[in-house]
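Residue-level structural notes
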Amino acid sequence: MTDKQAPEYKRRLSDHIVDAFDMACHQGNVDAANGLYQTLEIVLTNQGGAGSIEKRQNIDFIHAAAAKLMVLKNQQRAA
């Protein structure tokens, strides 16, 4: 197996939560997606704090998750 074929390794808990969140959204499970989003907020808050600096280059995933959850909730209300 070459480096190009090696699976991506995610070491942050938040990365795993986002993966589970995406799966819940894909399956249309609003309750699970909502709980996972809240868990993501808790994890990111605990990692931060006064004087902490976010080292990630791209944090757009947080905004994308919030938007995805809003769409899912709106779809559920419309059904």
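The following paragraphs examine the structure supplied in this document. Every value quoted in this text rests on a predicted model; they were computed, and no experiment measured them. (Residues numbered from 1 in each chain as written. Predicted model: local features only at pLDDT ≥ 70, side-chain atom pairs only at ≥ 80, totals over all residues. Heavy atoms only, no water.)

Examining the overall build of the protein
Across its full length, the protein holds three helices and zero strands. Along the chain direction, N to C, the helices and strands of the protein fall in the order α-α-α. Burial statistics for the protein: of 79 residues in total, 23% are counted as buried. If you sum the accessible surface of the protein, you get close to 6,200 Å²; carbon and sulfur atoms cover 53% of it. (Helix = DSSP H or I, 4+ residues; strand = E, 2+ residues; numbered from the N terminus. Buried < 20%, exposed > 50% of the residue type's maximum accessible area, 1.4 Å probe, protein only. Areas by Shrake-Rupley, 256 points an atom, 1.4 Å probe, with all protein chains shown as cover.)

Quick notes on helix α3 (residues 60-78)
An α-helical turn contains 3.6 residues, so any two residues separated by three or four positions project in the same direction. The first and last C-alpha atoms of α3 sit 27 Å apart over 19 residues, in line with the 27 Å expected at 1.5 Å per residue. Every buried residue of α3 is accounted for by Phe61, Ala65, Leu69 and Leu72. Down the axis of α3, the smallest arc covering the buried residues is 75°, so these residues share one side. Turned more than 90 degrees away from the buried face of α3, the exposed residues are Asp60, His63, Arg77 and Ala78. (Expected span 1.5 Å × (residues − 1). Arc of directions from axis to C-beta.)

Comments concerning the pattern of salt bridges
Applying the stated rule across the entire model yields one salt bridge. With a shortest N-O distance of 2.9 Å, Asp22 and Lys68 are connected by a salt bridge. One end of the pair, Asp22, is in helix α1 (residues 13-26); the other, Lys68, is in helix α3, and 46 residues separate them in sequence. (Salt bridge = Lys/Arg side-chain N within 4 Å of Asp/Glu carboxyl O.)

Considering the packing of aromatic side chains
Aromatic rings considered in pairs are described by the distance between their centres and by the relative angle of their planes. If you walk through the whole model with that rule in mind, you get one aromatic pair. Ring centres of Phe21 and Tyr37 lie 6.2 Å apart, and the angle between their planes is 50°; on these two criteria the pair is classed as tilted. Here Phe21 is found in helix α1, whereas its partner Tyr37 is found in helix α2 (residues 30-47), with 16 residues between them in sequence. Like Phe21, the residue Tyr37 is buried in the burial classification. (Phe/Tyr/Trp six-rings, centres within 6.5 Å; stacked < 30°, edge-to-face > 60°.)

Topic: the packing of α1 against α2
Interhelical geometry of α1 versus α2 gives an angle of 165° and a closest axis separation of 9 Å. When the axis of α1 is compared with that of α2, the two are roughly antiparallel. For the pair α1 and α2, the crossing hand works out as left-handed. Of α2, the residues touching α1 (which contributes Leu13, Ser14, Ile17, Val18, Ala20, Phe21, Ala24 and Cys25) are Ala32, Ala33, Leu36, Tyr37, Thr39, Leu40, Val43 and Leu44. (Axes fitted to C-alpha atoms, helices over the stretch in contact; angles between N-to-C directions. Parallel < 35°, antiparallel > 145°, perpendicular 65-115°, else oblique. Left-handed = near helix turned anticlockwise from the far one by under 90°. Contact = heavy atoms within 4.5 Å.)

Notes on the environment of Thr39
Considering the arrangement of structural elements, one finds Thr39 in helix α2. Given the relative accessible area of 33%, Thr39 is considered partly exposed. Spatially, the C-alpha atoms of Thr39 and Ser14 are 8.7 Å apart, while their sequence positions differ by 25 residues.

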